[in-house]
Every structure is written in structure tokens, then in C-alpha cells.
Amino acid sequence: MSDLKPKPDDKKAVDEMGLLILAIAANQDRAAFRRLFDHFAPRIKAFIIGQRTDPSMAEEVVQETLVNVWRKAKLFDPQKASAATWIFTIARNLRVDLIRKSNRPEPDVNDPTYLPEPDISAADQLSKSQDANQLRQTIEQLPDEQQAVLRLAFFEEKSHPEVALTLGVPLGTVKSRIRLALKRLRLEIGENQ
Amino acid sequence: MNKINHHPGEDLLFDYATGALGEGWSLAIATHLAICPACRHSVSDIETIGGQLLDDPSPEPVNEATFDQLISQIDQEPDQIEAPLNRRNPDAQSPVLPEPLRSYVGGDVNQLAWKRLGFGASQLLIPLREQGVTARLLCIPAGRPVPTHSHGGLELTLVMSGAFSDDTGRYGRGDLQEADDQLEHQPHAGADADCICLAITDAPLKFKSFAARVVQPFLGI
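Residues numbered from 1 in each chain as written. Chains lettered and ligands numbered in written order. Predicted model: local features only at pLDDT ≥ 70, side-chain atom pairs only at ≥ 80, totals over all residues. Heavy atoms only, no water.

**Quick notes on the overall build of chain B**
Line of reasoning, step 1. Looking only at helices and strands, one finds six helices and eleven strands in chain B.
Line of reasoning, step 2. Each principal axis of the C-alpha atoms in chain B carries an extent, and together these give about 65 × 40 × 35 Å.
Line of reasoning, step 3. Expressed as a percentage of the 221 residues in chain B, the buried residues total 53%.
Line of reasoning, step 4. For chain B, restricting intrachain contacts to residue pairs at least 6 apart in sequence, the fraction spanning at least 24 positions comes to 67%.
Line of reasoning, step 5. Of the roughly 10100 Å² that chain B leaves accessible, carbon and sulfur atoms contribute 51%. (Helix = DSSP H or I, 4+ residues; strand = E, 2+ residues; numbered from the N terminus. Buried < 20%, exposed > 50% of the residue type's maximum accessible area, 1.4 Å probe, protein only. Contact = heavy atoms within 4.5 Å. Areas by Shrake-Rupley, 256 points an atom, 1.4 Å probe, with all protein chains shown as cover.)

**So, the domain arrangement of chain A**
Residue and element names in this part refer to chain A.
Line of reasoning, step 1. Split by domain assignment, chain A resolves into domain 1 (2-103) and domain 2 (140-191).
Line of reasoning, step 2. Taking only C-alpha atoms, the centre of domain 1 and the centre of domain 2 are 25 Å apart.
Line of reasoning, step 3. The interface is formed by nine residues belonging to domain 1 together with five residues belonging to domain 2.
Line of reasoning, step 4. Of the roughly 640 Å² buried at the junction of domain 1 and domain 2 (both faces included), carbon and sulfur atoms supply 48%.
Line of reasoning, step 5. The interface formed by domain 1 and domain 2 holds two salt bridges in total. (Domains from an automatic or database assignment. Buried area = accessible area lost by both parts, 1.4 Å probe. Salt bridge = Lys/Arg side-chain N within 4 Å of Asp/Glu carboxyl O.)

**Side note on the interface of chain B and chain A**
Line of reasoning, step 1. Across the boundary between the two partners, chain B contributes 72 residues, which contact 76 residues of chain A.
Line of reasoning, step 2. Summed over both partners, the interface of chain B with chain A comes to about 7200 Å²; 57% of that surface belongs to carbon and sulfur atoms.
Line of reasoning, step 3. Three residues stand out in chain B for area buried against chain A, namely Leu 53, Leu 54 and Arg 129 of chain B, and they jointly supply 11% of the buried area on that side.
Line of reasoning, step 4. Along the contact surface separating chain B from chain A lie 13 salt bridges.
Line of reasoning, step 5. One can count 37 residue pairs in polar contact (both at pLDDT 80 or more) joining chain B with chain A.
Line of reasoning, step 6. Looking at the side of chain B that touches chain A, the elements with two or more residues in it are helix H1 (10-18), helix H2 (23-34), helix H3 (37-54), helix H4 (65-76) and helix H5 (101-105) of chain B.
Line of reasoning, step 7. Take the side of chain B that touches chain A: its biggest share by element is 15 residues, from H3 of chain B.
Line of reasoning, step 8. Among the residues forming the side of chain B that touches chain A, the class breakdown is 32 nonpolar, 19 polar and 21 charged. (Polar contact = N/O pair within 3.5 Å; in protein donor to acceptor, adjacent residues only side chain to side chain. Nonpolar A, V, L, I, M, F, W, Y, C, P; charged D, E, K, R; others polar.)

**Considering H4 of chain B**
Line of reasoning, step 1. For H4 of chain B, built from twelve residues, the straight-helix expectation of 16 Å at 1.5 Å per residue is met to within 8% by its first-to-last C-alpha distance of 17 Å.
Line of reasoning, step 2. Listed as buried for H4 of chain B are Thr 66, Phe 67, Leu 70, Ile 71, Gln 73 and Ile 74 of chain B. Buried residues of H4 of chain B fall within an arc of 160 degrees about the axis and therefore sit on the same side. Every exposed residue of H4 of chain B that faces more than 90 degrees away from the buried side is listed here: Asp 68 and Gln 76 of chain B.
Line of reasoning, step 3. Lining the buried residues of H4 of chain B we find helix H2 (30-49) and helix H3 (55-72) of chain A. (Expected span 1.5 Å × (residues − 1). Arc of directions from axis to C-beta.)

**Details of the pairing of strand S1 (residues 115-118) of chain B**
All names here are of chain B.
Line of reasoning, step 1. Pairing of S1 with strand S2 (residues 121-126) involves three bridges; the strand directions are antiparallel. Note that in S2 the partner of Gly 118 across the bridge is Ala 121.
Line of reasoning, step 2. Taking the residues between adjacent antiparallel strands as the criterion, S1 and S2 are bridged by two residues, where Phe 119 takes a positive phi near 35 degrees. (Pairing = 2+ DSSP bridges.)

**Section: the sheet that holds strand S9 (residues 188-189) of chain B**
Residue and element names in this part refer to chain B.
Line of reasoning, step 1. Spatially, S7-S6-S9 is the arrangement adopted by the three strands of the open sheet, whose pairing is antiparallel. Pairing within the sheet leaves two strands with one partner each, and these edge strands are strand S7 (169-171) and S9.
Line of reasoning, step 2. Sheet topology places strand S6 (residues 164-166) next to S9; two bridges connect them, and they run antiparallel. Bridge pairing in S9 places Ser 165 opposite His 188.

**Quick look at the pattern of salt bridges**
Line of reasoning, step 1. Across all of its chains, the model carries 24 salt bridges over all chains by this definition.
Line of reasoning, step 2. The residue Asp 55 of chain B makes a salt bridge to Arg 43 of chain A at a minimum N-O spacing of 3.5 Å. Of this pair, Asp 55 of chain B sits in the loop between H3 and H4 while Arg 43 of chain A sits in helix H2, on two different chains.
Line of reasoning, step 3. Arg 100 of chain A is the partner of Glu 130 of chain B in a salt bridge, and the nearest nitrogen-oxygen pair spans 3.7 Å. Here the residue Glu 130 of chain B occupies a position in the loop between S2 and strand S3 (134-140), and Arg 100 of chain A occupies one in the loop between helix H4 (83-99) and helix H5 (132-141), the pair thus bridging two chains.
Line of reasoning, step 4. On the basis of relative accessible area, Arg 100 of chain A is assigned to the partly exposed category, the value being 27%.
Line of reasoning, step 5. Among the charged side chains, a network of salt bridges with common partners joins Arg 92, Arg 104 and Glu 106 of chain A together with Glu 47 of chain B.

Pasting the structure below:
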């Protein structure tokens, strides 16, 4: 499975956690899995507990998320997402399934109707994860009110109307706070692409 | 391939990306994403923010037994490893309905058990796991109008084939219309072909004409 390892001429450096996932994909590397667990399990748990979920339920989501990381490791594409982003999408889907008891429909990249991205030149394929620290700093520099809506949305999985209800502000205010935050953060994400 | 002109608002894409958007609305968004790389790009930016927030340096200690449970779960079912599928044959006949919609309705448009709806239209109710929202596939015959109506709540309409027009514009394959209780409209199917669309609502439509209101309870719309 050497084709899963980054080639030396790749424009993009894969971060440490991404390399661990590639090692799991290539060799079912348990030492790599342990290191990945040590880093992400407590973070996934903190993320899920943020949604006022009881700790045993949160542990279940943590466990299921990491089982999925193990099983889906060969589907991880470091050109498309950082390890943290990929794991976020897995935890998010499990939270919908296990905690909200619902489904989260998703497109299927292998379906004949799926319209692929226009080809991206190698020069554009820079990491979204490379400047994770910079993105974090930018989030921390957002006005408090914008950070608050992001946290309610991501950690407590609240929709726009639910965020408005929680904060006691009009829906339009929530929309504009999220729009402003996204506009600022997209500049950061765009620069790294 | 026609160009998509009407995309979901950023708020819908955002709620879809965080996981907060309910199943029915998400079905419309996910089906749009299947044929709209531009909106997939927006969703992936929002997921990058989610990844960053997940990686926040304030972790919560995890039960030490969890890792051992993980390993034993993995060892019990070693054959559950997923491998990337080969990409589809590009020459294959492409269905009209993209995934995930096709699986939700149980087949492509020519395989479905449509139910007559009146005014020449037919529909297929789509079962959802989540309550409170109705998802249906609608087929409006070419050139025919849907009786003038407004909305008790929100409605998302995603065109899958043919087209419809109302005062707000023309909607073809992949176009998504967001309607709320402010919009009263009389959509017309395009003259060339039947219009098949996915409609998601959280309240019954309010028909303007008395006749349509009288028969509405029997139509299930």
C-alpha cells in the first residue's frame, strides 16, 4: 500500500496525525492507532460533552468514532482534509446517529450521478491543515459574540434558529454573526489552499 | 448539463456541516451537493473550522479501559475494514435521482410507485427517521401549474428533472428554492418535460382557492 504514503514530490506536507492515519491504512499499525487515540479520544469527548451529553454516552461516541477511524483509514485523503477535520466529520455523523437518533444523508462519491470537482492543479493542493495554528489564532481573535455562536453551533449542534433562541437574539443577528465569522475564517482557509 | 443558478443559502450549508440540520432538510442539501461541487467546497471549509474546534486544547480525560474495548471490538470484526471503491464506469447510464435521494425513495424515477395527487400531479412520500418534517417527490406534468399557495412554514424544493418557474425565477435540475411563510406563488412546470422535484416542508401548504382547500385533506399535501 505504498501508494498511500505521501510521495516526496507532493506539494503538501501531511501533519503528524494524518501520517498516523496513513500508517493505520497501510499496515493496520496499532502503535499509530494508540497515539491517535491518545490525542483525539479526549478531544472528541470534550467536543461531545459540550453538547450536554452524559459522560457514558460521550464515551460511546468516542469509541465508535475511533472504531470508524480504524475501519475507514484507507478512505482518508490528506489532500482533502486534515486528520482533525476528517475525524470531526466522523464524530459529527455518529452524534446524529447515536445521540439524536436520526440520519444525516450524504452524497455518495461513487454514485454515477456524482459530479466531480473540476481538476485542481497540484500547486493548488496545499494543505488545509498546515496552518492549523494560524486558523486557531484567527478563531480566537474573532469578536466574542462570533465565537459564541460558532461554539453553540459546533459543540452543542444547534441550528441557526436554536442559537437565536438560546441567546435570545433575532435570527437575523445570528445569521450575520455566522456570516461575518465565516467570511473572516474563509480568508484564512483560502490562503492555505 | 445545465448550470445551477439557485444554491442553498450559507445558513443551510452551515447547519448541514455542523450536523444541526434535520434529516429532511439535509436530504435536499445532500442531494444538491451531489451535483454541485461549489457548494461542497463551502461545506468543506466549514468542516475545516469544525476540525479546528475539535482539536481545541482542552481535552476531557477518557476512561483508560476505552482503548482496550476498542481493540477488542476491532479484533472481533477484522473484516469490517473499508477500502476505496473503484470509481464508476463513466459510460454507464446515469440515473436521474442522485444519491442519497435515490436510496431514500427506493429507486430511480421510472421505478417508483407514484400516487395521483390531483391537478394532474403525482407524488411519492419519502419515509424519514426524524419526525416533524415531510419529504416528498413531486411530478408536475409539463406545462401545468400547481395551484397558487403559500406556506405554513419553510419549504425547500430541489428540481431533479424538467423545470418550474414562478415570480422568483426559473428552476432547473439542481436548483434549490427556499420558500418561507412570506412567499405566495403559483409554480408552472416547464413546457418541454414533466418537472420532478424533491419538496421538504414542515407545515401543510396553504392553497389560495377554495376548491383546492376542500380537496387538500384527501391529497395529503
